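A closer look at the structure
In case you want the letters, here they are:
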Amino acid sequence: MEETYNFSLIEKKWQKRWEEENAYKVVENEDKPKYYCLEMFPYPSGNLHMGHVRNYSIGDVVARFKTMQGYNVLHPMGWDAFGLPAENAAIKHGVAPSKWTWDNIANMRRQLKSMGISYDWDREVASCHPHYYKWTQWLFLQFYHKGLAYKKKATVNWCPSCQTVLANEQVVDGCCERCDTVVEKRALEQWFFKITDYADRLLEDLDKLSGWPDKVKIMQENWIGRSEGARIKFTVQETGDILEVFTTRHDTVFGVTYMVLAPEHPLVEKLTKGTEYEEKVQEFVKKVQKLSEVDRTSTELEKEGLFIGAHAVNPLNGEAVPILIGNYVLMDYGTGAVMGVPAHDERDFKFAKKYGLKIRVVIQPEGKNLNVEEMDDAYTEDGIMVNSGEFSGLPNREGMEKIADWLEKNNKGQKQINYRLRDWLISRQRYWGAPIPIIYCDHCGVVPVPEKDLPVILPEEVEFKPTGESPLKYSPEFVNTTCPQCGKPAKRETDTMDTFVCSSWYFLRYCDPQNGEKPFNKDKVDYWMAVDQYIGGVEHAILHLMYARFFTKVLKDLNLVSVDEPFTNLLTQGMVLKDGSKMSKSKGNVVSPEEIINKYGADTARMFILFAAPPERDLEWNDQAVEGCYRFLNRVWRIVGAYSDQIKNIQGTIGKPDGADRELYRLTHQTIKKVTEDITERFNFNTAISTIMELVNGLYHYKDKVQEQNLPVVKEAIENLILLLAPFAPHITEELWQSIGKDSSVHKEKWPQYIQEALAVDEVTVVIQVNGKVRDKISVPVDMDKEQVEELAKSQPKVEEYIKDKEIKKVVVIPNKLVNIVVG
RNA sequence: GCCGAAGUGGCGGAAUUGGCAGACGCAGUGGACUCAAAAUCCACCGCCCUCAAAAGCGUAUCGGUUCGAGUCCGAUCUUCGGCACCA
């Protein structure tokens with residue numbers, strides 16, 4: 001064994017061997033329990049960053065640990081390879097997106113391999129490969145045939161910088177989540193997936209996800225935004241038009257004193273055309289539409305309204321109330337119209353006060369009497385209904401039901417559940433994505449590409465224009481085709497799919513990555529799915545994780561998979577920070593993983609990133625602490641080296657060690673117990689590593705202080721040290737394992753089990769408190785009699801000082817832990 | 001505004017079920033080794049007072065429950081994350 005730890009040599013040696021032996025290849029095996037460990041696949045930007053290192057280090061510990069525990073572990077890696085940066089590179093540097101992407105993949109694959117992660121590389125997928133996107137397109141067609149993919153003209157979010165539309169989920173604070181440009185609204189014909197059909201299931205099944213952080217579930221719940229209420233039909237007095245509103249407070253319909261429409265509401269134009277109000281209303285509408293989406297939806301925006309000269313008739317009491325338009329009413333939620341109940345809604349109250357609209361109390365708090373003149377605020381709580389015709393006197397919750405029944409019976413409305421969730425806009429006016437497999441024929445209309453013609457290949461010979469427009473539009477070879485139904489000339493859809501479509505099913509493809517006949521074989525997917533542990537950044541809490549759940553549910557309904565939730569357990573890792581903020585080029589605080597690996601080795605990099613903080617928490621990068629981890633591995637190297645020759649060939653059993661031998665023996669088994677628990681129960685790798693450090697410290701002390709060393713005990717300690725460290729630092733442990741005379745890979749060994757008997761202690765330290773303050777400590781035989789401990793405690797000189805001349809009121813004895821003497 | 005998470009030494013963090021606050025590591029201090037330095041090994045390392053010890057104080061702030069609170073309850077402050085005119 002070399003005297004110094006040459007990480008570079010060791011890491012290369014073992015990476016080469018693992019590759020040659022295909023050490024991490026897995027196949028379905030019914031004899032073992034399966035375990036699917038998955039980390040979110042990266043976008044191939046060209047270089048690994050620290051966030052990746054953290055993500056994949058965590059995943060590798062889990063995968064290696066589960067493997068050692070006897071599971072058949074699927075641990076794959078691939079590339080989320082479509083996306084805008086490839087096109088920008090093409091425009092900027094004239095390099096084809098495919099070349100740019102594949103070069104990046106090659107580099108990042110090399111970097112990943114230098115980290116020594118236990119991937120089954122035979123299962124690698126890249127979403128930009130025709131063998132992959134063929135099936136993305138195939139899945140689109142299944143959605144289409146099921147009525148879950150449809151095209152409609154809609155007001156959509158348009159990013160002028162990316163020259164494409166964005167899903168609602170991709171708009172953050174009114175800006176493009178990718179480039180921060182203010183998003184505009186445009187009316188365009190676009191493809192959507194009908195995720196709203198699954199809103200209820202996506203919401204309800206969150207309850208099944210006990211292995212997910214509550215934070216993520218709550219975020220999804222809020223995003224789906226289910227609200228129960230009713231749809232109510234009002235009638236326009238002047239024209240007889242039906243005006244529908246959605247409300248969650250249909251118990252307050254008798255309190256409606258006005259109506260407010262969104263400026264874009266179709267009735268606005270109809271009701272004002274040719275009237276004296278037309279001009280003013282148009283002015284108002286224009287003014288509102290000029291606002292950016294950010295300003296429009298800002299809560300800061302002063303609420304403004306304008307009477308449009310028409311009235312709405314309340315179906316319950318026949319009363320006609322004025323109709324206004326308001327800048328705060330959104331066309332795309334509910335019906336684009338709201339009823340104004342100022343007495344019982346905070347916002348309506350302020351609005352009514354501003355415009356001098358009538359306020360009528362229809363809910364009274366029990367035992368009180370609200371008076372409109374004295375109200376400073378709306379009353380939004382429950383109470384008893386008043387001024388509500390036949391419903392007066394009912395508790396409002398009960399009245400709500402009765403009113404819903406009445407509406408339904410009289411055909412004036414019905415109960416309705418509304419969602420904040422919108423359908424998923426998947427069209428992108430971009431080149432580097434999976435083409436939407438649709439053909440437009442003048443005779444046959446919208447025609448899906450027949451499955452036998454898949455994939456619709458992205459043409460490589462295209463020209464990129466600096467305008468950022470999709471080159472597909474200007475590629476006649478791509479656009480012009482023949483109609484699969486009638487054979488006449490037709491044109492292809494030039495929009496490509498949102499990359500989130502590609503990443504919504506990659507975890508299924510990993511189960512059967514080479515399949516040329518189908519997206520995947522159902523038996524294989526049934527064997528591996530669901531993912532037992534999914535690991536990735538919390539930034540995907542809504543987007544990717546909800547889309548993947550949606551896909552899984554649709555595929556289950558298509559009988560392509562058997563699970564209805566894809567990810568059983570989810571770990572959301574924190575960010576890697578430097579100097580308190582996220583590493584970014586603009587801040588100049590980026591630490592390159594490659595440099596760290598070159599300088600200290602992959603094992604050190606992995607150790608640091610796992611040791612510095614628990615996985616969910618943000619992690620502060622610290623160069624000096626990295627050195628500390630490097631020192632630790634060197635320490636391990638030396639202590640194993642000090643014993644490797646002696647323990648290599650010794651036989652003999654441990655028997656019943658005593659004294660310092662016994663301490664080391666106990667420490668070994670304590671370490672096994674704690675490390676196992678820290679990994680299994682909590683994923684607290686930081687404390688697992690610190691426990692291993694303590695074992696190393698213990699070995700050093702033993703080596704220094706014990707004259708006649710018990711080699712079987714040392715051997716056991718050293719072997720377990722290497723085994724426990726193996727998932728964290730896979731290269732050095734492999735080398736050390738070999739150095740103590742083992743022939744096979746440490747990663748093929750069984751995870752150690754602690755011996756209960758080894759943990760036993762003869763004596764324990766008992767803390768003595770007087771009035772809750774620690775005054776002394778004594779060492780007593782384990783499980784000593786309560787009364788005996790109490791007497792012993794009271795007789796300690798230090799304790800006597802505090803209890804003499806005082807009345808002992810109470811003594812609390814916690815066996816093997818503490819005595820608390822309460823004196824007065 | 002609403003929802004959620006967090007707040008512990010100079011720093012990263014630990015304390016898993018209410019029972020010794022500060023494990024482990026970084027930084028720092030001292031010692032051994034060395035001609036010397038690096039590396040390594042050993043020891044110390046919350047604050048305050050002190051030559052030292054003892055005492056006192058101490059887990060964002062204030063209050064409560066308890067023999068006992070970093071941990072439970074109530075209020076407040078700060079930071080971070082998500083949602084935000086959702087009818």
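From a predicted model like this one, the values you see are computed outputs, not experimental measurements. (Residues numbered from 1 in each chain as written. Chains lettered and ligands numbered in written order. Predicted model: local features only at pLDDT ≥ 70, side-chain atom pairs only at ≥ 80, totals over all residues. Heavy atoms only, no water.)

1. Topic: the overall build of chain A
In terms of helices and strands, chain A carries 27 helices and 34 strands. Along the three orthogonal principal directions, the C-alpha set of chain A runs to about 105 × 90 × 50 Å. Sequence-distant contacts, at least 24 apart, represent 72% of the contacts inside chain A between residues at least 6 apart. If you sum the accessible surface of chain A, you get close to 37,400 Å²; carbon and sulfur atoms cover 47% of it. Separation between the mean location of the 104 positive side-chain charges and that of the 122 negative ones in chain A comes to 2 Å. (Helix = DSSP H or I, 4+ residues; strand = E, 2+ residues; numbered from the N terminus. Contact = heavy atoms within 4.5 Å. Areas by Shrake-Rupley, 256 points an atom, 1.4 Å probe, with all protein chains shown as cover. Lys, Arg positive; Asp, Glu negative; His and termini not counted. Charge placed at Lys NZ, Arg CZ, Asp CG, Glu CD.)

2. Here we look at helix α23 (residues 711-725)
Owing to its 3.6 residues per turn, the α-helix brings residues three or four apart onto one side. Taking 1.5 Å per residue as the helical rise, α23 with its 15 residues ought to reach 21 Å, and the 21 Å between its terminal C-alpha atoms agrees with that figure. Most of α23 is tucked away, with 14 of its 15 residues classed as buried. (Expected span 1.5 Å × (residues − 1). Buried < 20%, exposed > 50% of the residue type's maximum accessible area, 1.4 Å probe, protein only.)

3. Let's talk about the protein's contact with RNA strand B
By nearness alone, 57 residues border RNA strand B, and Lys303, Tyr333, Arg347, Arg420 and Lys777 come closest of all. Each atom of RNA strand B within 4 Å of the protein was classed as base or backbone; sugar and phosphate made up 68%. One of the side-chain N or O atoms of Thr247 is found 3.0 Å from a sugar or linking oxygen in RNA strand B. Within the side chain of Arg347, an N or O atom sits 2.3 Å from a sugar or linking oxygen of RNA strand B. Looking at the surface near RNA strand B, the element that brings in the most residues is helix α22 (residues 685-705), giving 10 residues. Classifying every residue of the surface near RNA strand B by side-chain character gives 22 nonpolar, 15 polar and 20 charged. (Near = heavy atom within 4 Å. Polar contact = N/O pair within 3.5 Å; in protein donor to acceptor, adjacent residues only side chain to side chain. Nonpolar A, V, L, I, M, F, W, Y, C, P; charged D, E, K, R; others polar.)

4. Thoughts on the pattern of salt bridges
Per the stated rule, a full pass over the model turns up 48 salt bridges. We note a salt bridge from Lys34 to Asp532, for which the minimum N-O separation is 2.7 Å. With Lys34 in strand β1 (residues 34-39) and Asp532 in the loop between α16 (522-528) and β26 (533-537), the pair connects residues that are 498 residues apart, well separated along the chain. By sharing partners, the salt bridges in this structure join Asp205, Lys208, Arg549, Lys553, Asp564 and Glu565 into a single network. (Salt bridge = Lys/Arg side-chain N within 4 Å of Asp/Glu carboxyl O.)

5. Examining helix α4 (residues 97-114)
With 18 residues, α4 extends 26 Å from end C-alpha to end C-alpha; this agrees with the ideal 26 Å at 1.5 Å per step. Residues of α4 that are buried include every one of Pro97, Ser98, Trp100, Thr101, Asn104, Ile105, Met108, Gln111 and Leu112, and no others. With its buried residues spanning 150° around the axis, α4 presents them on a single face. Its buried side turned inward, α4 meets α2 (50-68), β3 (78-79), α3 (84-93), β4 (125-126) and α18 (593-600). (Arc of directions from axis to C-beta.)

6. A short note on the sheet that holds strand β5 (residues 149-159)
Ordered by their spatial adjacency, 4 strands build an open sheet running β6-β5-β9-β19, and the pairing between neighbours is antiparallel. Since the sheet does not close on itself, it has two edges, and those belong to β6 (164-166) and β19 (424-425), each with one partner. Summarising the sheet, β5 and β6 pair through 3 bridges and their orientation is antiparallel. What sits directly across from Trp158, in β6, is Val165. Against the sheet, helix α5 (residues 130-145) touches β5 and β9 (184-193), its axis set at about 90° to β9. (Pairing = 2+ DSSP bridges. Axes fitted to C-alpha atoms, helices over the stretch in contact; angles between N-to-C directions.)

7. Some details on the pairing of strand β21 (residues 438-441)
Note: β21 against strand β22 (residues 445-448), 4 bridges, orientation antiparallel. Counterpart to Ile438 in the pairing with β22 is Pro448. Inspection of the sheet shows β21 paired to strand β24 (residues 489-492) by 2 bridges, in the antiparallel sense. Bridge pairing in β24 links Ile439 to Arg492.

8. Quick notes on the domain arrangement of chain A
Looking at chain A, the domain boundaries give domain 1 (32-125 + 504-573), domain 2 (139-194 + 423-499), domain 3 (227-418), domain 4 (594-759) and domain 5 (763-823). Here the C-alpha centre of domain 5 lies 38 Å away from the C-alpha centre of domain 4. (Domains from an automatic or database assignment.)

9. A closer look at unusual backbone geometry
Here the bond from Leu454 into Pro455 is cis, since omega is 0°, no more than 30 degrees from zero. Examined against the element boundaries, Pro455 turns out to sit in the loop between β22 and α13 (476-479). The step from Met529 to Ala530 runs through a cis peptide bond, and the omega angle for that step is 0°. Mapped onto the fold, Ala530 is located in the loop between α16 and β26. In this structure, Asn559 takes a positive phi of about 60° despite not being glycine.

10. Considerations on the packing of helix α20 (residues 623-648) against helix α24 (residues 730-739)
Running from amino to carboxyl end, α20 crosses α24 at an angle of 20°, the nearest separation of the two axes being 9 Å. Taken together, the axes of α20 and α24 are roughly parallel relative to one another. Where α20 crosses over α24, the handedness of that crossing is right-handed. Here Leu633, Val636, Trp637, Val640, Ser644 and Lys648 of α20 come into contact with α24, specifically with Ile732, Glu735, Leu736 and Ser739. (Parallel < 35°, antiparallel > 145°, perpendicular 65-115°, else oblique. Left-handed = near helix turned anticlockwise from the far one by under 90°.)

11. A word on the packing of aromatic side chains
Taken as a whole, this structure holds 46 aromatic pairs when the rule is applied. Both rings, one in Phe7 and one in Tyr630, keep their centres 6.0 Å apart while their planes meet at 85°; by these two values the pair is edge-to-face. Of this pair, Phe7 sits in helix α1 (residues 7-21) while Tyr630 sits in helix α20, and the two are 623 residues apart along the sequence. By the ring-pair criterion, three or more aromatic residues cluster together here, those being Phe140, Phe143, Tyr144, Trp191, Phe193, Tyr198, Trp424, Phe500, Tyr547, Phe550 and Phe551. Just above the ring of Phe478 sits the side chain of Arg492; from NZ or CZ to the centre is 5.9 Å. (Phe/Tyr/Trp six-rings, centres within 6.5 Å; stacked < 30°, edge-to-face > 60°. Lys NZ or Arg CZ within 6 Å of the ring centre and 35° of its normal.)

12. Regarding the sheet that holds β24
Strands belonging to one sheet form pairs held by backbone hydrogen bonds; the direction of such a pair is parallel or antiparallel. With antiparallel pairing, 4 strands are arranged side by side in an open sheet as β22-β21-β24-β23. At either end of the open sheet lies a strand with only one pairing partner, and these are β22 and β23 (480-482). Strand after strand, the sheet turns through a mean of 40° between neighbouring axes, direction not considered. The sheet contacts of α5 involve β21 and β22, and relative to β22 the element is tilted by about 130°.

13. Section: the pairing of β1
Burial runs high along β1: 6 of the 6 residues are buried. Alternating residues of β1 divide into Lys34, Tyr36 and Leu38 and Tyr35, Cys37 and Glu39, and every residue in both groups is buried. Across 3 bridges, β1 lies against β26 in parallel orientation. By the bridge assignment, Glu39 is partnered in β26 with Ile535.

14. As for the environment of Gly383
Here Gly383 shows up in the loop between β16 (363-364) and β17 (384-385). Of the residues examined, Gly383 reaches a relative accessible area of 9% and is grouped as buried. Taking the C-alpha atoms as reference points, Gly383 and Ala86, separated by 297 residues in sequence, lie 60 Å from one another. Contacts of Gly383, omitting those with residues within four sequence positions, involve Ile363, Gln364, Pro365, Leu394, Pro395 and Asn396.

15. Overview of the state of the cysteines
On inspection of all chains with the given rule, the structure shows 0 disulfides. With no disulfide of its own, Cys444 lies closest to Cys486 among cysteine sulfurs, the gap being 3.7 Å. Taking the relative accessible area as the measure of exposure, Cys444 reaches 29% and is therefore partly exposed. (Disulfide = S-S within 2.5 Å.)

16. Notes on the environment of Thr257
Following the sequence through the fold, Thr257 ends up in the loop between β11 (242-247) and β12 (258-261). According to the relative accessible area criterion, Thr257 is buried, its value standing at 5%. Taking the C-alpha atoms as reference points, Thr257 and Val341, 84 residues apart in sequence, are found 6.3 Å from one another. Those residues in contact with Thr257, other than ones at most four positions away along the chain, are Val321, Pro322, Gly340, Pro342, Lys358, Ile359 and Arg360. A polar side-chain atom of Thr257 sits 2.7 Å from the main-chain carbonyl oxygen of Lys358.

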